[in-house]
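# Examining the three-dimensional arrangement
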2 protein chains.
Amino acid sequence: MTVTVPAGFEAAGVAVGLKSTGKPDVAVVVNRGPLAVGAAVFTSNRAKANPILWSQQAIQDGVVEAIVLNSGGANCFTGSFGFLTTHLTAERAAELLGVSAGDIQVCSTGLIGTGDQVFRDKVLAGTEAAIGALSTSGGDDAARAIMTTDSRPKTSTVTADGWTIGGMAKGAGMLAPGLATMLVVLTTDAVLTAAEADEHLRAATRVSFDRLDSDGCMSTNDQVTLMVSGASGIVPAPDAFRAALIEVCTDLATQLQSDAEGASHDITIEVIHAASEDDAVEVGRSVARNNLFKAAIFGNDPNWGRVLAAIGTTDAEFDPYAVDVEMNGVRVCSDGGPDQPRELVDLSPRATSVVIDLKVGDASATIYTNDLTHDYVHENSAYSS
Amino acid sequence: MTVTVPAGFEAAGVAVGLKSTGKPDVAVVVNRGPLAVGAAVFTSNRAKANPILWSQQAIQDGVVEAIVLNSGGANCFTGSFGFLTTHLTAERAAELLGVSAGDIQVCSTGLIGTGDQVFRDKVLAGTEAAIGALSTSGGDDAARAIMTTDSRPKTSTVTADGWTIGGMAKGAGMLAPGLATMLVVLTTDAVLTAAEADEHLRAATRVSFDRLDSDGCMSTNDQVTLMVSGASGIVPAPDAFRAALIEVCTDLATQLQSDAEGASHDITIEVIHAASEDDAVEVGRSVARNNLFKAAIFGNDPNWGRVLAAIGTTDAEFDPYAVDVEMNGVRVCSDGGPDQPRELVDLSPRATSVVIDLKVGDASATIYTNDLTHDYVHENSAYSS
């Protein structure tokens, strides 16, 4: 159980043939209240898929009754026909649930350009079937139905002081440049206003999912949605709720990282003693998106020169000749020069740690990325998305 | 013959064991005058190698008598010992040539962190040997001595109205993110002032080498140097000289592109009808640095969705739903939606053309890049640089 762990939620996942494999491909999560509060963050990509265009409008009033998600087709660059498909999906769900279409969020993931009549018919049939199958234990089925190239479903739950947060996520593309769609649904039975939900969601995604996306690019379809039922009747302490939401989001983000297509290393890049958090993020991202660095890690080569060359391209405040770099606990570079021999670094474990000490201030940030591997190239050259 | 085609230049390339293969690794190009004018552009990376730190200072007066280049070691992140090595190299060359050390440019390429006593001794010995071997037909030897993972030397020559421009270049890294060092030496016997040389060089590199470097990142050691002997005695028409210099630079840039490590496609991305040249460059680069797009081209997949998703991350002026995309002559996307079937696109040739029509203004730009292949990952994970 995942999104259905918090009280007040039902979910389902069904198979309607959008995926050629016959695996589940349409999920629905419904908020049974008493509240119907919702908040969402969307891709910053200017090329937005039809479901994004719909959902961005629909979320304006902070009311979300249900969310419909499909895999097996992104409904992106499919024109007004595709937008109508999303609209019809919301209307079908609204009609069956007895709510307003404007309170239905819609998400799609899969091949860009897919959104013809066959797609529309299947999505509508799937919406109907999923709503017919709703249950308070349907969270796992829903998590499975949103998978694309994911090797496993991603779910997470945190309970505290009488309220609970649940979540599910999909995404298995190499998380740089991050163009594989990431869909996340978070649910809670805590009592929150729409403004509070929005504020907590933005704060939590900023330090979790946003730190996973290694060059700031996002897919055409990315969406993270928080649904609030208030069924626990408890108003959470803001700090406690914020911390719990960050915990769930970070857990899901690292599950996405560890399932990245073709990756052989999960790389955690920690930038410390930066002048500002923005500087720390910029420096970490410049390393995370550097193909030469990523290929070196794949080759178990602790190539700190590529780290310095990457951070040298940023505008962050630091002296390249004062920087220290540590890899898996070994300080290979001190003050921009060689320190411990690179042979001491063991890069055979999948978990890889890089610590960059800028020696300027007190800010820090952690960026999560993966290595660049043969399998990454293979999966992304052979699979159209 | 290459840099020695224009009158007034001598060059040589020798082997002193910096490369474990025993191939030539130190090159010298000397300007025999009557002029000793020079101009150079350097990496924008803040982490600059010692030869860059030296050469940037030495070029200030616009006088260049000679340039010494070594492969087999980048002399980067090698501290004050490394800087002294560069200084000693310039002094040794100056002494042997009877000029001032401040008029000697020095370039290095190879593994970052290499710059110990053994390296110093070999570079100094190579400088001496190369100066002893100088000849007016030494350009080809010099071009060979600066190669690292290059599969072939890159040279170019243009002659016009009594004067000539010659050039040599090295660089074979995947030209995104561009961290493989690019070294270029251009020579001319035209009569130019230092200010003219600088202006022409900046204008020519801006539309050639800068358009090859697909994400704006540069290596710690990149340098493009123009040496002017004036030996033809002819003052060129500025426009004609500019055009000829652009021709040589573009020729060398496309030679670098076609020798990119492990690439199987040379991709020319033409952005047309942009609001400004900056917009066109930004849009082209966003595609050129998108790993998912690059992997798709490797897989012969005309995935225009990835093109639109990439350009959607830019701030350039355009409507994503008005854009056309053509691949190898087939318009696969019109107004942000599907046009011709992707099956009509033949991506089997190495030369790949992508035309992106933004339909906003009259500006355009061309960006040169490569695909992302298994061999790229292999070469950059197995070879420390």
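Since this is a predicted model, take the numbers as computed values, not measurements.

Right, let's get into the overall build of chain A. Check the secondary structure of chain A and you find eleven helices and 15 strands. Against the 2.2 N^0.38 benchmark of 21 Å for 385 residues, chain A shows a C-alpha radius of gyration of 21 Å, consistent with a compact globule. The contacts of chain A with a sequence gap of at least 6 include a subset with a gap of at least 24, amounting to 80%. Summed over its atoms, the accessible surface of chain A is roughly 12400 Å², and 50% of this surface lies on carbon and sulfur atoms.

Contacts between the two partners involve 51 residues from chain A and, on the opposite side, 51 residues from chain B. Across the chain A to chain B interface the summed buried area is about 4300 Å²; carbon plus sulfur atoms make up 56%. Sorting the residues of chain A by area buried against chain B places R46, F77 and L292 of chain A first, and these three jointly supply 18% of that buried surface. Inspection of the region where chain A meets chain B yields zero salt bridges. Secondary-structure elements contributing two or more residues to the side of chain A that touches chain B are α9 (291-298), α10 (304-311), β13 (337-338) and α11 (374-382) of chain A.

This next bit is on the nonpolar core. Inside soluble globular proteins, nonpolar side chains tend to come together where they are buried. Ranked by size, the top nonpolar core spans 59 residues in total, and within it I269, V325 and I356 of chain B carry the most contacts. In contact with I356 of chain B, other than residues within four places in its own chain, are I269, E270, V271, I272, V283, V287, V307, I311, V323 and D324 of chain B. Within the second largest apolar cluster, 38 residues are counted, among which are A274, A316, F318 and M327 of chain A.

All names here are of chain A. In the UniProt entry, the feature "active site" (unreviewed entry) is given for T181. According to the relative accessible area criterion, T181 is buried, its value standing at 9%. Beyond its immediate sequence surroundings of up to four residues, T181 is in contact with S108, T109, K170, G171, S219, N221 and D222.

This part takes up the pairing of strand β14 (residues 351-357) of chain B. Residues and elements named next belong to chain B. Counting buried positions over the seven residues of β14 gives five, a clear majority of the element. Direction of pairing for strand β10 (residues 266-274) relative to β14: parallel, over a ladder of seven bridges. Directly across from E270, in β14, lies its bridge partner V355. Judged from the four bridges that link them, strand β11 (residues 324-327) and β14 form a sheet pairing that is antiparallel. Of the residues in β14, the one forming a bridge with V325 is I356.

Our focus in this paragraph is the environment of R206 of chain A. Residues and elements named next belong to chain A. Among the structural elements, R206 can be located in helix α5 (residues 194-206). Through-space distance from the C-alpha of R206 to that of C249 is 9.8 Å; in sequence the pair is 43 residues apart. Residues within four places of R206 in sequence aside, it is in contact with R211 and E277.

Now for the packing of helix α1 (residues 50-58) of chain B against helix α2 (residues 79-97) of chain B. Residue and element names in this part refer to chain B. Between α1 and α2, the least distance of the axes is 8 Å, while the angle of their chain directions is 50°. By the angle class used here, α1 and α2 are oblique. For the element pair α1 and α2, the recorded crossing hand is right-handed. Here α1 contributes N50, P51, L53 and W54 to the contact with α2, which in turn contributes G79, G82, F83, T86, H87 and A90. Looking at the contact of α1 with α2, its residues break down into five nonpolar, five polar and no charged.

This next bit is on the packing of α2 of chain B against helix α3 (residues 117-132) of chain B. Geometry of a packed helix pair, given as the angle between the helix axes and the separation of the axes. Residue and element names in this part refer to chain B. Here α2 crosses α3 at 20°, and the two axes come no closer than 10 Å. Relative to α3, the element α2 is oriented roughly parallel. Viewed along their axes, α2 and α3 form a crossing whose handedness is right-handed. Between α2 and α3, the contacting residues are F81, L84, T85, L88, T89, R92, A93, L96 and L97 on the first element and Q117, F119, R120, V123, L124, T127, E128 and I131 on the second. Partitioned by chemical class, the residues of the contact of α2 with α3 number ten nonpolar, four polar and three charged.

The next subject is the sheet that holds strand β1 (residues 9-14) of chain A. What links the strands of a sheet is backbone hydrogen bonding, and the strands pair in either a parallel or an antiparallel sense. All names here are of chain A. Overall, mixed pairing links the four strands, which are arranged β1-β2-β4-β5 in an open sheet. Strands with a single pairing partner mark the edges of an open sheet, and in this sheet they are β1 and β5 (104-108). On average, adjacent strands in this sheet sit at an angle of 10° to one another, irrespective of strand direction. Strand direction decides the pairing type here: β1 and strand β2 (residues 26-31), joined by six bridges, are antiparallel. Bridge pairing in β2 places F9 opposite N31. Along the sheet, helix α2 (residues 79-97) contacts β2, β4 (66-70) and β5; its crossing angle with β5, the most-contacted strand, is approximately 135°.

The relation between two aromatic rings is expressed through the spacing of the ring centres and the mutual angle of the planes. If you walk through the whole model with that rule in mind, you get eight aromatic pairs over all chains. Ring plane angle 45° and centroid distance 5.6 Å describe the contact between F77 of chain A and Y321 of chain B, whose orientation is recorded as tilted. Of this pair, F77 of chain A sits in the loop between β4 and α2 while Y321 of chain B sits in the loop between α10 (304-311) and β11, which puts the two residues in different chains. Looking at F77 of chain A, the relative accessible area reads 1%, which means it is buried. Since its relative accessible area comes to 29%, Y321 of chain B is described here as partly exposed. Look at W54 of chain B and F83 of chain B: their rings are 6.3 Å apart centre to centre, the planes differ by 55°, and that puts the pair in the tilted class. Taken together, the residues W54 of chain B in helix α1 and F83 of chain B in helix α2 connect sequence positions 29 residues apart. Note on F83 of chain B: relative accessible area 30%, which makes it partly exposed. The structure contains a cluster of three or more aromatic residues connected by ring pairs, namely F77 of chain A together with W304 and Y321 of chain B.

What follows deals with the domain arrangement of chain A. Segmentation of chain A into domains returns domain 1 (9-258) and domain 2 (266-382). If you average the C-alpha positions of domain 1 of chain A and of domain 2 of chain A, the two centres end up 32 Å apart.

For the rest of this paragraph, the subject is the relation of the copies chain A and chain B. With an axial shift of 0.0 Å and an RMSD of 0.0 Å, the rotation relating chain A to chain B amounts to 180°. Interpreted geometrically, this transformation is the action of a two-fold axis. Identified as the residue of chain A closest to the rotation axis by C-alpha distance is H374 of chain A, at 2.6 Å. Both copies share a contact surface, since 100% of the interface residues of chain A are interface residues in chain B too.

Inspection of every chain in the model, using the stated rule, returns zero disulfides over all chains. A disulfide-free cysteine, C333 of chain A has its sulfur positioned 10 Å from the sulfur of C76 of chain B, the nearest such atom. Residue C333 of chain A is classed as buried on the basis of its relative accessible area of 0%.

So, about α3 of chain B. All names here are of chain B. For α3, which comprises 16 residues, the first-to-last C-alpha distance of 23 Å matches the rise-based estimate of 22 Å (1.5 Å per residue) to within 8%. Of all the residues in α3, the buried ones are F119, R120, V123, L124, G126, T127, A130 and I131. Burial along α3 is one-sided: seen end-on, the buried residues are contained in an arc of 160°. Contact partners of the buried residues in α3: β1 (9-14), β2 (26-31), β4 (66-70), α2 and β5 (104-108).

The rules behind each value
- Residues numbered from 1 in each chain as written.
- Chains lettered and ligands numbered in written order.
- Predicted model: local features only at pLDDT ≥ 70, side-chain atom pairs only at ≥ 80, totals over all residues.
- Heavy atoms only, no water.
- Helix = DSSP H or I, 4+ residues; strand = E, 2+ residues; numbered from the N terminus.
- Rg over C-alpha atoms; globule rule 2.2 N^0.38 Å.
- Contact = heavy atoms within 4.5 Å.
- Areas by Shrake-Rupley, 256 points an atom, 1.4 Å probe, with all protein chains shown as cover.
- Buried area = accessible area lost by both parts, 1.4 Å probe.
- Salt bridge = Lys/Arg side-chain N within 4 Å of Asp/Glu carboxyl O.
- Core = buried A, V, L, I, M, F, W, Y, C linked by side-chain atoms within 4.5 Å.
- Buried < 20%, exposed > 50% of the residue type's maximum accessible area, 1.4 Å probe, protein only.
- UniProt positions renumbered as here; feature names shortened; annotations may be inferred.
- Pairing = 2+ DSSP bridges.
- Axes fitted to C-alpha atoms, helices over the stretch in contact; angles between N-to-C directions.
- Parallel < 35°, antiparallel > 145°, perpendicular 65-115°, else oblique.
- Left-handed = near helix turned anticlockwise from the far one by under 90°.
- Nonpolar A, V, L, I, M, F, W, Y, C, P; charged D, E, K, R; others polar.
- Phe/Tyr/Trp six-rings, centres within 6.5 Å; stacked < 30°, edge-to-face > 60°.
- Domains from an automatic or database assignment.
- Least-squares fit on C-alpha atoms with pLDDT ≥ 70 in both.
- Disulfide = S-S within 2.5 Å.
- Expected span 1.5 Å × (residues − 1).
- Arc of directions from axis to C-beta.

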